Amino acid sequence: MKYTMKQMTEYVGVSNTTLKRYENNGLIPPVLYTQGKHRRYEEIHLIAFKTIRKLLKGFDIPVAYQLMTLAKEKKFTEASWSIAQAQKALVKKKETLQMHKEFILSFPQKPLKKQTMRIGELAKFADIETSTIRYWEERGLITGIREKSSGYRFYEKSEVRKTIIISLLRKSIYKLEDIKAIINEMDDENLVSIRKHYTTVNDELDNQLVMQLKAISSYTVYCEKLT
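Cut-offs and rules
Residues numbered from 1 in each chain as written. Predicted model: local features only at pLDDT ≥ 70, side-chain atom pairs only at ≥ 80, totals over all residues. Heavy atoms only, no water. Helix = DSSP H or I, 4+ residues; strand = E, 2+ residues; numbered from the N terminus. Buried < 20%, exposed > 50% of the residue type's maximum accessible area, 1.4 Å probe, protein only. Expected span 1.5 Å × (residues − 1). Patch = residues over 30% accessible without salt bridge, like charges linked within 9 Å, V, L, I, M, F, W, Y side chains within 5 Å. Areas by Shrake-Rupley, 256 points an atom, 1.4 Å probe, with all protein chains shown as cover. Salt bridge = Lys/Arg side-chain N within 4 Å of Asp/Glu carboxyl O. Lys, Arg positive; Asp, Glu negative; His and termini not counted. Charge placed at Lys NZ, Arg CZ, Asp CG, Glu CD. Axes fitted to C-alpha atoms, helices over the stretch in contact; angles between N-to-C directions. Parallel < 35°, antiparallel > 145°, perpendicular 65-115°, else oblique. Left-handed = near helix turned anticlockwise from the far one by under 90°. Contact = heavy atoms within 4.5 Å. Nonpolar A, V, L, I, M, F, W, Y, C, P; charged D, E, K, R; others polar. Pairing = 2+ DSSP bridges.

Caption draft 1: Main features of unusual backbone geometry. The backbone of K37 sits at a positive phi, close to 65°, despite the residue not being glycine. For K37, the position within the fold is in the loop between β1 (32-33) and β2 (39-40). Although it is not a glycine, K74 adopts a positive phi angle of roughly 60°. Among the secondary structure elements, K74 is positioned in the loop between α4 (61-72) and α5 (76-106). For K74, a relative accessible area of 48% translates into the label partly exposed.

Printed below as a string of structure tokens:
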């Protein structure tokens with residue numbers, strides 16, 4: 001069966017500009033053209049377009065595009081490793097979220113192995129860039145202590161907690177002024193808003209996993225069709 005551009009946009013649920021972009025990026029098998037330069041898609045293109053849409057819901061754009069390119073080139077093993085790597089990253093996000101949650105909600109009872117952290121240690125623990133920490137400090141969200149003898153900047157346990165909370169809130173609150181107000185008013189007995197954000201982010205990760213699994217299922221069918 002052949003499909004026109006109009007039919008394909010209706011089946012896939014996107015604009016013709018989007019379909020052309022996928023084609024121009026080399027994400028789908030070659031398309032047939034009529035003498036009048038009109039596209040005529042086939043069943044494999046419909047499957048390809050639907051697969052792209054599902055991949056984009058579960059994975060980042062670069063990963064989704066890479067997977068479609070690898071499928072087109074029939075590099076199925078390489079594609080499988082890319083999927084495994086992406087899911088490994090999702091697992092890390094989940095584990096990091098849980099670790100931060102346990103640290104925040106048990107504060108101050110749960111001791112840190114070290115009472116202070118250098119900026120590099122804090123960045124690794126919070127899973128963010130050191131430049132981000134410096135920026136937040138410049139904006140007055142966190143405060144470091146400079147050691148006169150070494151010149152190194154250290155962050156106490158309370159600032160470690162603030163850093164983790166800020167990194168979490170940034171996923172749903174975009175104004176640093178609003179985040180600053182939350183952390184300034186927060187105490188150990190008032191962590192309701194933080195629990196709410198943890199639940200929200202955790203649900204988002206769970207949903208992303210579901211979207212990834214659905215995308216992988218569709219991608220597997222597409223790869224089988226290509227063979």
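Caption draft 2: Quick look at α4. For α4, spanning 12 residues, the distance from its first C-alpha to its last is 17 Å, which sits close to the expected 16 Å at 1.5 Å a residue. For α4, the full list of buried residues reads A64, Y65, L67, M68, L70 and A71. Looking at the residues trailing α4, positive phi occurs at K74, about 60°.

Caption draft 3: Summary view of a positive patch on the surface. On the surface, R21, K50, R53, K54, K57 and K214 cluster together into a patch of positive charge. The element that contributes the greatest number of residues to the positive patch is helix α3 (residues 43-58), accounting for four residues. Relative to the helices and strands, K57 is located in helix α3. K57 gets classed as exposed once you look at its relative accessible area, which sits at 60%.

Caption draft 4: Geometry of the packing of α3 against α4. Relative to each other, α3 and α4 sit at 150°, their axes nearing to 9 Å. In this view, α3 runs roughly antiparallel relative to α4, as classed from their interaxial angle. Note that α3 runs across α4; the crossing there is right-handed. Taken together, the residues of α4 that come into contact with α3 (itself represented by A48, T51, I52, L55 and L56) are I61, A64, Y65, L67 and M68. Looking at the contact of α3 with α4 residue by residue, the classes come out as nine nonpolar, one polar and no charged.

Caption draft 5: Seen up close, the sheet that holds strand β4 (residues 145-146). Strand order in this open sheet of three strands is β3-β5-β4, and the pairing throughout is antiparallel. The two strands at the open ends of the sheet, each matched to only one other strand, are β3 (116-118) and β4. As paired strands, β3 and strand β5 (residues 153-156) are joined by three bridges and run antiparallel to one another. Its bridge partner lying in β5, T116 is registered against E156. Packing against the sheet, helix α8 (residues 157-169) makes contact with β3 and β5, and its axis sits at approximately 85° to β5.

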